[in-house]
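# Residue-level structure breakdown
What follows is each chain in one-letter form.
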Amino acid sequence: MKALIVDDERGLLPEGCLSLLENAAQAALACEGVTGVSAGLRVVTDEEIQTLNRTMRGVDSATDVLSFPSVNYPKGVTLGRKPALVKKCYDPEIGAYYLGDVALNIGRVLEQATQYGHGADREAAYLTVHAMLHLCGYDHMNEEDKAVMRAMEKKVMRALGLFKNGERFMDTKDCIAAAIGALDLSYSPYSNFRVGACLVSEDGQCFVGANFENASYGATICAERCAVSNAIVHGVKRFTKVFIACDRGYAWPCGICRQVLNEFKACDMEVWVGNKTDEWKMMKLSSLLPQSFGPEELGK
Ligand code: THU
């Protein structure tokens, strides 16, 4: 049973986006603490969503996403607090409690992605999370409810490893999710060895990176150095932790990366390595690069 049944028969979604939307719905439900439920999402155009908005809600304008919950939530109650609310919505055909339907406007997904300067995938995932939370009883009619919903959206996006550059105060679990999420950004056609990294600055900002290879082999950049570059162009140069993910086993940083991390350490950095399934391991940079040569030796 899928958490999200996507109807995109016209193939409007960007390639590879479908599984991200399924993961987004799954993550929203996991953060809310509900299982055994499902929802439907149809990918529509600007015109189609305007028609839906007019006929179903009496609002004659297009929007980015619409959700139609099948559960009637009492004020301030979400599904996680009262899972029994889904009892009436059992759908024997899909073998799950059906939370409702979502219409996702692909036109707005592309427009908003450009406007916010991130990928269409991220925008579509965010809108799916937003819509799933509506189906779970969240709302943003008043400031208080809006703050609760926004905090939940952030939590789900972090669980997906999708966050904005420089976002602060992620805990270890979020950083691990971000490093694992960054695996999908890897360009590694030669080694097929994907590496994702999440670098944390001394004031808690996070920056991701992924390895990107080159036909010349030698011009390859590792995930850690990609993350360092990403932080540097955001004006951030002092780091306390790095999380490095690969698909299996452990990818301890290579010699060049150890040296680069040493340049920008705010303290004896924590270097975490792991993957999706096994327990993560941590070592201090001073143990990985003993007797190092760094900026201190040149009086910096
Ligand atoms: N790689 C990293 O991204 N980080 C490391 O510290 C070790 C190696 C990448 C580089 C290359 O794309 C692939 O892993 C195989 O060496």
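Residues numbered from 1 in each chain as written. Predicted model: local features only at pLDDT ≥ 70, side-chain atom pairs only at ≥ 80, totals over all residues. Heavy atoms only, no water.

## Details of the packing of helix H4 (residues 120-135) against helix H5 (residues 143-159)
- Running from amino to carboxyl end, H4 crosses H5 at an angle of 130 degrees, the nearest separation of the two axes being 10 Å. One way to sum up the angle between H4 and H5 is to call them oblique. When you trace H4 past H5, the crossing you get is right-handed. Residues Arg122, Tyr126, Val129, His130, Leu133 and His134 of H4 pack against Met149, Arg150, Met152, Glu153, Val156 and Met157 of H5. (Axes fitted to C-alpha atoms, helices over the stretch in contact; angles between N-to-C directions. Helix = DSSP H or I, 4+ residues; strand = E, 2+ residues; numbered from the N terminus. Parallel < 35°, antiparallel > 145°, perpendicular 65-115°, else oblique. Left-handed = near helix turned anticlockwise from the far one by under 90°. Contact = heavy atoms within 4.5 Å.)

## Observations regarding the domain arrangement of the protein
- Assigned domains within the protein: domain 1 (4-159) and domain 2 (172-298).
- Using only C-alpha atoms to locate each centre, domain 1 and domain 2 end up separated by 33 Å. (Domains from an automatic or database assignment.)

## Thoughts on the pairing of strand S6 (residues 195-201)
- In terms of burial, S6 is largely enclosed, as 7 of its 7 residues are buried.
- What you see with S6 is no split at all: Val195, Ala197, Leu199 and Ser201 on one side and Gly196, Cys198 and Val200 on the other are buried throughout.
- Both S6 and strand S8 (residues 239-246) contribute to a ladder of 7 bridges, which runs antiparallel. When the bridges of S8 are listed, Ala197 appears paired with Ile244.
- Between S6 and strand S7 (residues 206-210), which follow one another and run antiparallel, lie 4 residues, and Gly204 among them has a positive phi close to 85 degrees. (Buried < 20%, exposed > 50% of the residue type's maximum accessible area, 1.4 Å probe, protein only. Pairing = 2+ DSSP bridges.)

## Here we look at the layout of surface pockets
- Considered as a void within the structure, the largest pocket measures approximately 930 Å³ in volume.
- Taken together, 33 residues line the largest pocket, and the ones lying closest to its centre are Leu160, Gly161, Leu162, Gly181 and Ala182.
- Looking at the lining of the largest pocket, the elements with two or more residues in it are helix H1 (17-32), H4, helix H6 (172-182) and S7.
- Examining the composition of the lining of the largest pocket, we find that 7 residues originate from one element, H6, more than from any other.
- A per-class count over the lining of the largest pocket returns 17 nonpolar, 10 polar and 6 charged.
- Counting residues domain by domain, the lining of the largest pocket receives three or more from each of domain 1 (4-159) and domain 2 (172-298). (1 Å grid on protein atoms, 1.4 Å probe; cavity = no way out; pocket = protein on both sides within 12 Å on 5 of 7 lines; lining within 4 Å. Points joined across faces, edges and corners; volume = space filled by probe spheres on them. Nonpolar A, V, L, I, M, F, W, Y, C, P; charged D, E, K, R; others polar.)

## So, the site of the ligand
- If you check the shell around the ligand, you find Ser191, Phe193, Val195, Asn211, Glu213, Thr220, Cys222, Ala223, Glu224, Trp252, Pro253 and Cys254 and nothing else.
- Asn211 places a side-chain nitrogen or oxygen 2.9 Å from an oxygen atom of the ligand.
- Note that an oxygen atom of the ligand is positioned 2.7 Å from one of the side-chain N or O atoms of Glu224.
- A total of 380 Å² of accessible area belongs to the ligand in isolation, and the protein chains cover 80% of it.
- Of the residues in the shell around the ligand, the class split is 7 nonpolar, 3 polar and 2 charged. (Near = heavy atom within 4 Å. Polar contact = N/O pair within 3.5 Å; in protein donor to acceptor, adjacent residues only side chain to side chain. Areas by Shrake-Rupley, 256 points an atom, 1.4 Å probe, with all protein chains shown as cover.)

## With respect to the pattern of salt bridges
- Considering all chains together, one arrives at 13 salt bridges under this definition.
- With its nearest N and O atoms 2.8 Å apart, the salt bridge here joins Arg10 to Glu48. Taken together, the residues Arg10 in the loop between strand S1 (4-7) and H1 and Glu48 in helix H2 (residues 46-57) connect sequence positions 38 residues apart.
- Its relative accessible area of 26% is what places Glu48 among the partly exposed residues.
- The partner of Asp174 in a salt bridge is Arg158, with the nearest N and O atoms 3.9 Å apart. You can see Asp174 sitting in helix H6 and its partner Arg158 sitting in helix H5, a full 16 residues away along the chain.
- Classification of Asp174 by relative accessible area gives buried; the value is 14%.
- Look at Arg158 and you get buried, because its relative accessible area is 12%.
- Through salt bridges with shared partners, one network takes in Asp7, Glu9 and Arg42. (Salt bridge = Lys/Arg side-chain N within 4 Å of Asp/Glu carboxyl O.)

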